[in-house]
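# A closer look at the structure
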Amino acid sequence: MRVVITGGAGFLGTRLAWALLTRGRLRGRDGRDETIERMTLVDMAPPVAFSDPRVVAVTGDIADADLIERVVADDTASVFHLAAVVSGQAEADFDLGMRINVDATRLLLDVCRVGPGRASRPLRPTVIFTSSIAVYGGTLPDVVPEDAAVAPQSSYGMQKAIGELLINDYTRKGFIDGRVLRLPTISVRPGRPNAAASSFASTIIREPLNDEEAMCPVPPDTRLWLASPATAVDCLIAAHDLSGQVLGSNRILNAPGISVTAGEMVDALARVAGSRVAERVRWEHDPRISAIVATWPRALDVSRARALGLPGDEGVDAIVRRYIAEELPAWSG
């Protein structure tokens, strides 16, 4: 089996690659596990160094047709499409967001496509598209139902909603075997803050644990829908391995998450790491960030995903503890 991961140098793409290499297999079209023989990681930046001979790294622009034609071989069985321009950057640079989040997605799907003009492709690839809770917006109930209409209030959300529709329709036409996973805000991300509007959800945990002050741009009572990186990766793999017949015509799943306020996240940090660490969080309101975050759901109905076996986190304390165990093993407080 050949697998492609776009965004393979990103933190989630890297974690997914490690998980798949360790697992060594994915479910094939016939429902049986197949051995992963080759994995291609595609990104603008080079990925972390993999010594595994199964890994091929390709650095380049995913909106480049020649590059995508080169990396998605005729025998590619599975594509995890993680590459994207993040929310804050997509809002600030509309053309870049459209080029990467929409144009490159359609390009990738057309290269994966089976049908007239691609008759030589022997496989109908399984394509996993990472979407976002940002596809929702407007006046939302406390728990957003599975069948709620999408009404994005940001360019990023709009671009992700377009990707969802493309996946559903390309699947309906028989071009691909698509699945969409609407990921919660991922916390805690290692590294440094990025341009995502949700970046603070990692900053207020990560930086205090690194003996640094952290600024939270939203009020303490701002409620978020969160998942840990490990759970997000587990959900991506689980969604891949679902039978297309089980999913039916609706290929969109709300990934499990937990509903927690920014204040409750800091409280969890205090319980796990001590009040001295939690006191490093400062509350400095940023109207731009708050306006974006206010349009996001506070919780989603994930009964369909849970019934299909997708995992979830135990709670925010567990997320903080897992980050310390995985990223700061020598941390002593």
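Shown above is the structure to which this text applies.
With that settled, the discussion passes to the packing of aromatic side chains. Centre-to-centre distance and the angle between the planes together describe a pair of aromatic rings. A complete count under the given rule lists 2 aromatic pairs for this structure. Ring centres of Trp18 and Phe50 lie 4.5 Å apart, and the angle between their planes is 40°; on these two criteria the pair is classed as tilted. Highlighted residues: Trp18 in helix 1 (residues 11–23) and Phe50 in the loop between strand 4 (38–43) and strand 5 (55–59), separated in sequence by 32 residues.

Looking now at the sheet that holds strand 6 (residues 76–81). Read from one edge to the other, the open sheet built from 7 strands follows the order 5-4-1-6-7-8-12, with strand pairing classed as parallel. At either end of the open sheet lies a strand with only one pairing partner, and these are strand 5 and strand 12 (252–254). On average, each strand axis in the sheet is inclined to that of its neighbour by 20°, with strand direction left out of account. Bridge count for strand 8 (residues 177–183) against strand 12 is 3 bridges, and the pairing is parallel. Within strand 12, the residue paired with Val180 across the bridge is Ile252. Sheet contacts for helix 4 (residues 94–112): strand 1 (2–6), strand 6 and strand 7 (126–132); angle to strand 6, the most-contacted strand, approximately 170°. Where helix 7 (residues 229–241) meets the sheet, it contacts strand 6, strand 7 and strand 8, and its direction lies at approximately 155° from that of strand 8.

Cut-off values and rules
In this numbering scheme, every chain counts its residues from 1 along its sequence in written order. Side-chain atom pairs in this predicted model are given and counted only at pLDDT of 80 or more, local residue features only at pLDDT of at least 70, and totals for whole chains, interfaces and linings cover all residues. Side-chain calculation: all heavy atoms of the structure are included, whereas hydrogens and water are not. Between rings of Phe, Tyr and Trp, where Trp is taken as its six-membered ring, a pair exists when centres lie within 6.5 Å; planes separated by under 30 degrees are stacked, by over 60 edge-to-face, and by other angles tilted. By definition, any uninterrupted DSSP run of H or I lasting at least four residues is a helix, any uninterrupted run of E lasting at least two residues is a strand, and each is numbered from the N terminus. Pairing between two strands requires that DSSP report at least two bridges joining them. Every angle, taken between N-to-C directions, lies between 0 and 180 degrees, and every axis is a line fitted to C-alpha atoms, over only the stretch in contact when it is a helix. Contact between two residues is taken to exist if any of their heavy atoms lie within 4.5 Å; hydrogens are not considered.

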